[in-house]
Amino acid sequence: MSLLISDICINCDVCAPACPNTAISQGEVIYEINPALCTECVGHFDEPQCVVVCPVECIDLDPGHPETRDQLLGKYEALTKGKSAA
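Residues numbered from 1 in each chain as written. Predicted model: local features only at pLDDT ≥ 70, side-chain atom pairs only at ≥ 80, totals over all residues. Heavy atoms only, no water.

Q: What exactly am I supposed to notice about the nonpolar core here?
A: For soluble globular proteins, nonpolar side chains are generally found buried alongside one another. Counting residues in each nonpolar core, the largest one holds 16 residues, and the members touching the most others are I5, C15, I24, Y31, I33 and I59. Elements supplying a minimum of two residues to this core: strand 1 (3-5), helix 1 (15-18) and strand 3 (31-33). Each residue touching I33, except ones within four places of it in the same chain, is listed here: L3, L4, I5, A23, I24, C38 and I59. (Core = buried A, V, L, I, M, F, W, Y, C linked by side-chain atoms within 4.5 Å. Buried < 20%, exposed > 50% of the residue type's maximum accessible area, 1.4 Å probe, protein only. Helix = DSSP H or I, 4+ residues; strand = E, 2+ residues; numbered from the N terminus. Contact = heavy atoms within 4.5 Å.)

Structure, rendered in structure tokens:
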């Protein structure tokens, strides 16, 4: 699954810079996660970095976008194809 930011988000701006896929951006009211770009940090880290840094614990799995770990890894590979490792 991709992740979803709930309405208890305080717009603190720590999640967006933590996302290696640039899946997080400021929405009209709160930050939002683009499910097409979110891999839950699979391929990058052992756990989602936005969840790690969020001070109010407002980031959960998005039931509207169920994905297996293999699907998330496939998305990671598609997103990083052609990019050099840092």
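Q: How should I be thinking about the environment of C50 in this particular structure?
A: Summarising the element assignment, C50 is placed in helix 2 (residues 49-53). Other than its neighbours up to four places away in sequence, C50 contacts L3, C15, A18, I24 and I59.

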